[in-house]
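# An overview of the molecular structure
Next come the chains, spelled out residue by residue.
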Protein chains: 2
Amino acid sequence: MARQRAFDRDVALETALRTFWRHGYEATSIAELTAAMGIRPPSLYAAFGDKRRLFEEVVGRYQQTHGAFTTRALTEEPTGRQAIERVLREAAAEYTSEEHPRGCLIISAAVNCGPASAEVEELLRGFREEAKAALKRRIDDDAAAGLIPAGTDTAGLATFYAAVIQGMSTQARDGAGHADLLRIAALAMSAWPVGRREGVG
Amino acid sequence: MARQRAFDRDVALETALRTFWRHGYEATSIAELTAAMGIRPPSLYAAFGDKRRLFEEVVGRYQQTHGAFTTRALTEEPTGRQAIERVLREAAAEYTSEEHPRGCLIISAAVNCGPASAEVEELLRGFREEAKAALKRRIDDDAAAGLIPAGTDTAGLATFYAAVIQGMSTQARDGAGHADLLRIAALAMSAWPVGRREGVG
DNA sequence: TCCTTTCTATAGCGATCGATACAGAAACCA
DNA sequence: TGGTTTCTGTATCGATCGCTATAGAAAGGA
């Protein structure tokens, strides 16, 4: 019973996602966002609240689309080792895809923040810690199943693979290609503890 | 034959270094810098030119002080393996030190930049690529000396260790401690190719 | 066709950005 | 002690920041 929106909210959100993905939260201005989305500030604020809430919605969308491969790999693979190997392999492809900005939004979009947006920095930091904890849970599964030696430092392994993934994101943003990141992934997997399947222990 | 500066330029530069180190290039305002340095804008501009040149001087100072351990390790150790192992071990200590902001300034101070400071982003990117090339040169030394198998992908190894170091910086900024980073370093070294010294090949 | 409602566009809000004009203060030379 | 030079502090420049008041335009119900 009133005038309807003249733009596609979903398309506009995806455009905002890619803009934030490229330059980060603080470095992306409302002017740049509205120019990219093809709308004017009042339309943005009416549809998305404010810059902070738009970014939070962008992060949610990212986790359910471009970043969903992590959760899929961790839930679908039978062992922790296979799960982490797949995460690394798919990250290599995703972080270097030509279809969208390089690297990972959760890792790189809120690194340089002033005091005004410290909470945004903390939000992404929380998601990174959550992802690291998810890695650890699958490694713990392998430890419980006896696939890796008893007494293995599973938290240390999770921190290592989290660091490798974050390094892959930085490398991708610095220009490394798909093959470069696959080599990183393969070398990282060579750090996996020798276990039952490999004929030791 | 004229009035002399009322503040210590070197102390002020170190203060600016730590401020940029914590929040990054764009997120650090002139107001925040002058407040931290205890001077007023005209003094800053007279002594350092402008924000861009101040940052470039900060980066140079960082490379010769807090970041100098990398070059030292790479030049002083007899083998590439020992050099890289030492870089990782010292990075673990440096990135988590309580004496200054966490992580690496070259890696984290210009990640989220708008179009206006794309050149600053590119400057640090160049230094990161230079560091990666320095890693590769030492790995090539080991290859030439027959310490690692013939045909080893030395560029791939260099990219791997560069990624690990960048991941260590991110982990440190997210709260990981010295021991956590040492574990990352140890696991990363387990990816080093098996060579003559290890009794294979 | 008119009324209500919600969108859109223009224009501009106060605050902050990087950077400076200006005048007073301090240090050296004559 | 006066003159020259360079620093320092105040106050502010134009531009941009995130955000919004206001008015006109469009869509549905009566």
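Residues numbered from 1 in each chain as written. Chains lettered and ligands numbered in written order. Predicted model: local features only at pLDDT ≥ 70, side-chain atom pairs only at ≥ 80, totals over all residues. Heavy atoms only, no water.

## Thoughts on the protein's contact with DNA strand C
Rules: Being near a molecule or strand, for a residue, means having at least one of its heavy atoms within 4 Å of it. Whenever a nitrogen or oxygen atom comes within 3.5 Å of another N or O atom, the pair is scored as a polar contact, on the condition that within protein one atom can donate a hydrogen and the other can accept it, and that pairs from neighbouring residues in sequence are kept only if both atoms are in side chains. Numbering of helices and strands runs from the N terminus, with a helix taken as a DSSP run of H or I at least four residues long and a strand as a DSSP run of E at least two residues long. Here the term charged refers only to Asp, Glu, Lys and Arg, the term nonpolar to Ala, Val, Leu, Ile, Met, Phe, Trp, Tyr, Cys and Pro, and the term polar to all other amino acids, Gly among them.
Taken together, the neighbourhood of DNA strand C is formed by 20 residues, with A:Arg3, A:Ala6, B:Ile30, B:Tyr45 and B:Lys51 sitting nearest. Expressed as a percentage, the sugar and phosphate content of the atoms of DNA strand C within 4 Å of the protein is 67%. In the model, a phosphate oxygen of DNA strand C is placed 3.0 Å from a nitrogen or oxygen of the A:Ser43 side chain. Counting only elements with at least two residues in the surface near DNA strand C, the list comes to helix 3 (41-48) of chain A together with helix 3 (41-48) of chain B. At three residues, the largest contribution of residues to the surface near DNA strand C is made by helix 3 of chain B. A class-by-class count of the residues in the surface near DNA strand C yields ten nonpolar, four polar and six charged.

## Some remarks on the packing of helix 4 (residues 51-64) of chain B against helix 8 (residues 118-144) of chain B
All names here are of chain B. Selection rule: For helices, the fitted line uses only the C-alpha atoms of the stretch in contact; every axis is such a line through C-alpha atoms, and the angle between N-to-C directions lies from 0 to 180 degrees. Every angle not falling under 35 degrees, over 145, or within 65 to 115 is termed oblique; those three ranges are roughly parallel, roughly antiparallel and roughly perpendicular. Crossings are assigned a handedness: left-handed for a near helix turned anticlockwise from the far helix by less than a right angle, right-handed for a clockwise turn. Throughout, a contact is declared for two residues whenever any of their heavy atoms are within 4.5 Å.
Packing of helix 4 against helix 8 leaves a shortest axis separation of 11 Å and a crossing angle of 15°. With respect to helix 8, the element helix 4 is oriented roughly parallel. As for the relative orientation of helix 4 and helix 8, their crossing is right-handed in sense. Counted together, Arg52, Phe55, Glu56, Val59 and Gln63 of helix 4 and Glu119, Val120, Leu123, Leu124 and Phe127 of helix 8 form the full contact between these two elements. Grouping the constituent residues of the contact of helix 4 with helix 8 by class yields six nonpolar, one polar and three charged.

## What about the relation of the copies chain A and chain B?
The test is simple: Alignment of the copies relies on least squares applied to C-alpha atoms, considering only residues that score at least 70 for pLDDT in both.
When chain A is brought onto chain B, the operation consists of a screw motion whose angular component is 180° and whose axial shift is 0.0 Å, with 0.0 Å RMSD remaining. Accordingly, the operation relating the two chain copies is best matched by a two-fold axis. For chain A, the minimum C-alpha distance to the rotation axis belongs to A:Gly167 and amounts to 2.2 Å.

## Details of the layout of surface pockets
Threshold: Cavities and pockets were defined on a 1 Å grid built from protein atoms only: a cavity is a group of points that admits a 1.4 Å probe but offers it no way out, a pocket is an open group of points flanked by protein on both sides within 12 Å along at least five of seven lines, and a lining residue is one with an atom within 4 Å of any such point. Grid points are joined across faces, edges and corners, and a volume is the space filled by probe spheres set on the points.
The computed volume of the largest pocket comes to approximately 700 Å³. Lining the largest pocket are 38 residues, with A:Ser108, A:Val111, B:Ile107, B:Ser108 and B:Val111 sitting closest to its centre. Residue assignment for the lining of the largest pocket shows that the elements contributing at least two residues are helix 1 (9-23), helix 7 (105-108), helix 8 (118-144) and helix 9 (154-173) of chain A together with helix 1 (9-23), helix 7 (105-108), helix 8 and helix 9 (154-173) of chain B. Residues belonging to the lining of the largest pocket are distributed by class as follows: 14 nonpolar, ten polar and 14 charged.

## Some details on the protein's contact with DNA strand D
Within the structure, DNA strand D sits among 20 residues, and A:Ile30, A:Tyr45, A:Lys51, B:Arg3 and B:Ala6 are positioned closest to it. Within the side chain of A:Ser29, one N or O atom sits 3.4 Å away from a phosphate oxygen of DNA strand D. A distance of 3.0 Å is found between a phosphate oxygen of DNA strand D and a side-chain nitrogen or oxygen belonging to B:Ser43. Only helix 3 of chain A together with helix 3 of chain B provide two or more residues apiece to the surface near DNA strand D. With three residues, the top contributor of residues to the surface near DNA strand D is helix 3 of chain A. Across the surface near DNA strand D, the residue classes tally to ten nonpolar, four polar and six charged.

## Brief notes about the packing of helix 9 of chain B against helix 10 (residues 178-189) of chain B
All names here are of chain B. Contact geometry of helix 9 with helix 10 gives a least axis separation of 10 Å together with a crossing angle of 165°. Here helix 9 lies roughly antiparallel to helix 10, going by the angle between them. When you trace helix 9 past helix 10, the crossing you get is right-handed. Note on element contacts: helix 10 touches helix 9 through Leu181, Ile184, Ala188 and Met189, opposite Phe160, Tyr161, Val164, Met168, Gln171 and Ala172. Residues that form the contact of helix 9 with helix 10 fall into these classes: nine nonpolar, one polar and no charged.

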